[in-house]
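Coordinate inspection notes
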Amino acid sequence: MRIHINDPLDKQATERLKSVPGVELTSEHLEKEDLLKIMPEIEVLIVRSATKVTADIIEAGTKLKIIGRAGTGLDNIDVKAAEAKGIKVINTPGANSISVAELTIGLMIACSRHIARGTIDLKNGKWTKKELEGHELFGRTVGIIGFGNIGREVAKRLLAFDMKILAYDPFVKETDMNVKMVDLDTLYKESDYITIHVPLTPETKNLINKETISKMKDGVIIINAARGGIIDEEALYEALVSGKVYAAGLDVFEVEPPTDELRQKLLALPNVVATPHIGASTFEAQERVGMLLVERLIKEIA
Ligand code: NAD
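So, how was this worked out
- Residues numbered from 1 in each chain as written.
- Predicted model: local features only at pLDDT ≥ 70, side-chain atom pairs only at ≥ 80, totals over all residues.
- Heavy atoms only, no water.
- Near = heavy atom within 4 Å.
- Polar contact = N/O pair within 3.5 Å; in protein donor to acceptor, adjacent residues only side chain to side chain.
- Areas by Shrake-Rupley, 256 points an atom, 1.4 Å probe, with all protein chains shown as cover.
- Nonpolar A, V, L, I, M, F, W, Y, C, P; charged D, E, K, R; others polar.
- Pairing = 2+ DSSP bridges.
- Helix = DSSP H or I, 4+ residues; strand = E, 2+ residues; numbered from the N terminus.
- Axes fitted to C-alpha atoms, helices over the stretch in contact; angles between N-to-C directions.
- Contact = heavy atoms within 4.5 Å.
- Salt bridge = Lys/Arg side-chain N within 4 Å of Asp/Glu carboxyl O.
- Buried < 20%, exposed > 50% of the residue type's maximum accessible area, 1.4 Å probe, protein only.
- pLDDT = per-residue confidence, 0-100.
- UniProt positions renumbered as here; feature names shortened; annotations may be inferred.
- Domains from an automatic or database assignment.
- Buried area = accessible area lost by both parts, 1.4 Å probe.
- Core = buried A, V, L, I, M, F, W, Y, C linked by side-chain atoms within 4.5 Å.

A few words now on the site of the ligand. Not every one of the 23 residues close to the ligand is listed here, only the nearest: Asn 149, Ile 150, Asp 169, Ala 225 and Asp 251. Between the ligand and Ile 150 there is a distance of 2.9 Å, counted from an oxygen atom to a backbone nitrogen or oxygen. Take Asp 169: an N or O atom from its side chain is 2.6 Å from an oxygen atom of the ligand. Taking 860 Å² as the accessible area of the ligand by itself, protein coverage stands at 86%. A breakdown of the residues in the shell around the ligand according to their chemical character gives eleven nonpolar, nine polar and three charged.

This is the structure in structure tokens:
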């Protein structure tokens, strides 16, 4: 059985897969053109978020049986095209949630306390102590959009900060946590922080836009460690410039890596803290994700 790993997979997980009798493993990031060339030969394709598994790639996989996604979001895979050909798509929900939740809280604190700007100023020889007064998380209200695996891990941790927690999720009506489920308009109206943990779907595309931002509190802090495309970046830029939004913490962008235009506008703002899609990039999460995916694959191919 020929398995091709197209995005980096945890070393231990790769070794485990290699040890399965009958498995012939290749591991190398191929760009679309080269990936298309090898697709007719492989039975299992493993990706993270970088490889876009489009319908033509799936079509070229005449022997393809399984697409393994080391991670959660399936927006980089044409699942419908795969299903139409009877190809199974396997992912690893939950295995990287803690890492994304921890980064989310890091971004919330970085936005509230100007950690990135303070670092840049100091490195440039500027003592900007007077300009960098910030906010506590304590006692303030956070609105969590999407109360799945990551949303819940975020809530669990923010309760320890003594924050008041609101959440919106059309598929979650109640929770046993000290979290109030509310509708979106209430969440926008009452939250000092809004953090997004939904998948990118046609319903969530540009969920945060000029109109929804106008419903938010003045001085709100917005965090997105879910997917670029859920926030309209132009609308966010304008709101950050006007001060409607106090700061934004972004791990994901509509185009990754971001365009020069985004770098020169949105990312150049002092009230934007940004990281290059590293929500799940911890040794712990990658090991968990890799091992879980490989165990699931082995069950399928055994
Ligand atoms: P999950 O499936 O456990 O939770 C997603 C939740 O969103 C579900 O409870 C679902 O009901 C809810 N939802 C769906 N549509 C919604 C809508 N229109 N409005 C509100 N809620 C809605 O997934 P998860 O593991 O919590 O991950 C959430 C997202 O985070 C993923 O889809 C992925 O895009 C992103 N993610 C990012 C990174 C990163 O590196 N930054 C890593 C992992 C996941």
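From this point, the discussion proceeds with the structure in view.
Right, let's talk about the sheet that holds strand β2 (residues 24–27) for a bit. Ordered by their spatial adjacency, five strands build an open sheet running β2-β1-β3-β4-β5, and the pairing between neighbours is parallel. Either end of the sheet is taken by a strand with one partner, and the two such strands are β2 and β5 (88–90). Taken pair by pair, the neighbouring strands of this sheet meet at an average axis angle of 15 degrees, ignoring direction. Pairing geometry for strand β3 (residues 44–47) and strand β4 (residues 66–69), over four bridges, is parallel. Across the sheet, residue Ile 46 finds its bridge partner in β4, namely Gly 68. With respect to the sheet, helix α1 (residues 11–18) is in contact with β1 (2–5), β2 and β3, its orientation differing from that of β2 by roughly 155 degrees.

Before going further, it helps to examine the pattern of salt bridges. Should their charged atoms come close, side chains of opposite charge can pair. Under the defined criterion, the tally for this structure stands at 20 salt bridges. With its nearest N and O atoms 3.3 Å apart, the salt bridge here joins Glu 153 to Lys 156. Here the residue Glu 153 and the residue Lys 156 both occupy positions in helix α7 (residues 149–159), the gap between them amounting to three residues, near one helical turn. Ionic pairing is found between Asp 218 and Lys 244, a salt bridge with its closest N-O pair at 2.8 Å. With Asp 218 in the loop between α9 (210–214) and β10 (220–224) and Lys 244 in the loop between α10 (233–242) and β11 (245–250), the pair connects residues that are 26 residues apart, well separated along the chain. Classification of Lys 244 by relative accessible area gives buried; the value is 19%. Residues joined in a network through salt bridges with shared partners are Arg 117, Asp 121 and Glu 131.

When pLDDT is averaged across the protein, the result is 97; 100% of the residues are at 70 or more. Per the prediction output, this complex has pTM 0.94; the corresponding ipTM is 0.99.

UniProt's feature table lists "domain: D-isomer specific 2-hydroxyacid dehydrogenase NAD-binding" (unreviewed entry) at residues 105–279, given in the numbering used throughout. When the span residues 105–279 is considered, its composition is 32% helix and 17% strand, and the gap between its end C-alpha atoms is 11 Å.

By the assigned domains, the protein splits into domain 1 (2–91 + 282–301) and domain 2 (96–270). Computed from C-alpha atoms alone, the centre-to-centre distance between domain 1 and domain 2 is 31 Å. Contacts between the two partners involve nine residues from domain 1, matched on the other side by four residues from domain 2. Across the interface of domain 1 and domain 2, roughly 570 Å² is buried in total on both sides, 42% from carbon and sulfur atoms.

Next up on the list: the nonpolar core. Counting residues in each nonpolar core, the largest one holds 30 residues, and the members touching the most others are Ile 145, Tyr 188, Ile 208, Ile 222 and Leu 236. Those elements that place two or more of their residues in this core are α8 (184–190), β9 (193–196), β10, α10 and β11. At four residues, the largest contribution of residues to this core is made by α10. If we skip the residues at most four places from it in the chain, Ile 145 touches Tyr 168, Leu 184, Leu 187, Tyr 188, Ile 194, Thr 195, Ile 196, His 197, Val 198, Leu 207 and Ile 208. Counting 27 residues, the second-largest nonpolar core is a separate cluster that includes Leu 137, Phe 147, Ile 165 and Met 177.

Quick look at the sheet that holds strand β6 (residues 141–145) now. Taken in spatial order, the seven strands line up as β8-β7-β6-β9-β10-β11-β12 in an open sheet, and their pairing is parallel. At either end of the open sheet lies a strand with only one pairing partner, and these are β8 (180–181) and β12 (272–274). Of the strand pairs in this sheet, strand β7 (residues 164–168) and β8 are connected by two bridges, and their pairing is parallel. Bridging from a neighbouring strand, Leu 166 pairs with Lys 180 of β8. Each of β6, β7 and β9 touches α7; the most contacted strand, β6, lies at about 170 degrees to it.

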